[in-house]
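# Summary of structural features
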Amino acid sequence: MNRRTFLRSAAIAQAAAGSAISSAQAKPRRAIVIMTDTTRWDMLNCYRRTGLKTPNLDRMAEGGIRFDRAYTCQPVCSPARSALFTGSYPHTNGMWSNSLPLGQTVHTVGERLSDKGIHTAYIGKWHLDGADYFGTGRCPNGWDKKFWFDGRNYLDELTPEDRVRSRNQETNRDPKLTAEFTYAHKCSNRAIDFLKRHGKEDFLLVVSYDEPHGPFVCPKPYSEMYKDYVFPKNENVDDTLAGKPEHQHIWAASVKNPASQLKSADYFGCHTFVDAEIGRVLDAIEQYTPDALQIYTSDHGDFLGSHRLGNKGPAMYDEITRIPFLVRWPGHTPAKSVCPHPVSHINLVPTLMESFGVPVPKTLEGRSILAAFEDPKKRVNDAVFTEFGRYEVDHDGFGAFQPMRCAFDGRFKLTVNLLCTDEFYDLEADPNEMKNLIDSPAHAAKRNALHDQLIAWMNNTRDPFRGYYWERRPWRPDQPATWGGAGMTRQRENDGYEPRQLIYETGLEMKEAVRKK
């Protein structure tokens, strides 16, 4: 019997024994995480009234908490998801780019909870196996194989002709196109089936839509409802990028007519379409498991021409790093409430584990924000951190290798662009991030304090790219820097899966993971 089987068997046996609390008395532990792809925070009507229709996500916000300052850990699909579902940053789990797999010692929340006897199911886009865009079609450890349904599984159900149709935006002009053809609809069907069958069990269900990510396939009326619509233009669509990093200038030169991105009928139509599919799942939750914890988020946003840039990539602007984050939990979250404090995707796994009453291992790099679910005024994070390594290793583009680390404390944002100009913004005075204050004497104290937090985070998370070059910057030339850095040994803490790490000098088990070298 391997370790995972043993852990799961022991948990199930313990649950069956009942000991102090009978099954009739035990409070059910249920959570549903719903996510979409490429949805920036202000595309939801509950965040900003732009004319886009998101009635179902709005009703979720109406019944719970809207987190106003939620951030992804990297504005790229796979790295963002890696942090979201492992509780470790991309630089730790090995997925600092698309097309890279998770490290061998990295465990997802599905593994951690299923090994404690909790039924875990993942339906939809995974993008964490290091394969192509669609995945391998194989269910990873910890998740229920009966409900697994990644992009390859969807394509496997289609004829060659329909596969091509599913990847062609012009399919939206086909009057025969129905919701039943789409990936989103099939994911919703499986989620509803899971809730119908297992809604009374202890469970974690993840429903991960690919939509509204391109090719934006959606049926009428969604494909036509925004044909004359223009997303409200922010002043930063006309950003001159004066005083900004060189790579942003090179990037902007490749983007033709940035403002044209504000007219994207198929993208916005697909956005409202997936909201309708989420509505089907929310209806099923109310029917089968109304007391469950419900969380909605997205992996990253989209520039829509802001800062004269397109899509997403090596930048830390809010348009691509700030994401929607909604929580509804009847009996726990206050309705119609707002949390103004910064939170991060890195907080999700420890929060879920605490909500299930499962010990949170020291290897997780975020902290639980469960307290904020009860009281949105509570602040958990002093700062949140975002990074960038590379967009993808399988093809060229997106600026190639762009090592970046960013810290945001709720007002000030510092971005260290290792290869070029750094950035510092005061989002209270400059919400559109137009004026780079990196060399401002008036902001030096705030900048340096946030820089100290950034360096401490890189050290504490064993960032493999850390070094003196992040510390001694042109705007901080007197910052002490040594070849040995902080001079500490930082071994992995014990998380219950791997053997305790050994001390190099003695071969004995370590007692302190962080110590002077």
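Look up a bit, the structure's there.
One structure accompanies this document, and this report is about it.

Rules used in this analysis
- Residues numbered from 1 in each chain as written.
- Predicted model: local features only at pLDDT ≥ 70, side-chain atom pairs only at ≥ 80, totals over all residues.
- Heavy atoms only, no water.
- Buried < 20%, exposed > 50% of the residue type's maximum accessible area, 1.4 Å probe, protein only.
- Helix = DSSP H or I, 4+ residues; strand = E, 2+ residues; numbered from the N terminus.
- 1 Å grid on protein atoms, 1.4 Å probe; cavity = no way out; pocket = protein on both sides within 12 Å on 5 of 7 lines; lining within 4 Å.
- Points joined across faces, edges and corners; volume = space filled by probe spheres on them.
- Nonpolar A, V, L, I, M, F, W, Y, C, P; charged D, E, K, R; others polar.
- Salt bridge = Lys/Arg side-chain N within 4 Å of Asp/Glu carboxyl O.
- Phe/Tyr/Trp six-rings, centres within 6.5 Å; stacked < 30°, edge-to-face > 60°.
- Lys NZ or Arg CZ within 6 Å of the ring centre and 35° of its normal.

### Digging into helix 3 (residues 77-86)
- Counting buried positions along helix 3 gives ten out of ten residues, so the element sits mostly inside the fold.
- Restricting attention to buried positions, one finds in helix 3 the residues Cys77, Ser78, Pro79, Ala80, Arg81, Ser82, Ala83, Leu84, Phe85 and Thr86.
- Of the residues trailing helix 3, glycine 87 is marked for its positive phi of about 75°.

### Overview of empty space enclosed by the protein
- If you walk through the whole model with that rule in mind, you get three cavities of 30 Å³ or more.
- Taken as a whole, the largest cavity encloses approximately 260 Å³ of empty space.
- Residue composition of the lining of the largest cavity, by class: ten nonpolar, seven polar and five charged.

### Digging into the pattern of salt bridges
- Tallying each qualifying case throughout the model produces 39 salt bridges.
- In this structure, the salt-bridge partner of aspartate 132 is arginine 152, at a minimum N-O distance of 2.7 Å. With a gap of 20 residues between them, aspartate 132 in the loop between strand 3 (119-124) and helix 6 (151-156) and arginine 152 in helix 6 connect regions that are remote in the sequence.
- The exposure class assigned to arginine 152 is partly exposed, which follows from its relative accessible area of 31%.
- Note that arginine 173 and glutamate 170 form a salt bridge whose closest N and O atoms lie 3.7 Å from each other.
- What makes glutamate 170 partly exposed here is its relative accessible area of 48%.
- Three or more residues are tied together by salt bridges with common partners; here these are Asp37, Arg81, Lys125, Asp210 and Asp299.

### So, the packing of aromatic side chains
- Enumeration over the complete set of coordinates arrives at 36 aromatic pairs.
- An angle of 45° between the planes, with centres 5.4 Å apart, marks the rings of phenylalanine 216 and tyrosine 267 as tilted. Of the two residues, phenylalanine 216 is situated in the loop between strand 4 (203-208) and helix 9 (246-253) and tyrosine 267 in helix 10 (residues 265-288); the sequence distance between them amounts to 51 residues. The same class applies to phenylalanine 216 and to tyrosine 267, which are both buried.
- Considering the side-chain rings of tyrosine 226 and tyrosine 229, the 5.3 Å spacing of their centres and the 65° angle between planes classify their relative orientation as edge-to-face. Taken individually, tyrosine 226 and tyrosine 229 each receive the classification buried, so the pair is uniform in this respect.
- Grouping aromatic residues by their ring pairs yields a cluster made of Phe216, Tyr226, Tyr229, Phe231, Tyr267 and Phe268.
- Looking at arginine 190, its charged tip hangs above the ring of phenylalanine 149, at a distance of 3.7 Å from the centre.
- Over the ring of tryptophan 41 we find arginine 322; its NZ or CZ atom is 3.6 Å from the centre of that ring.

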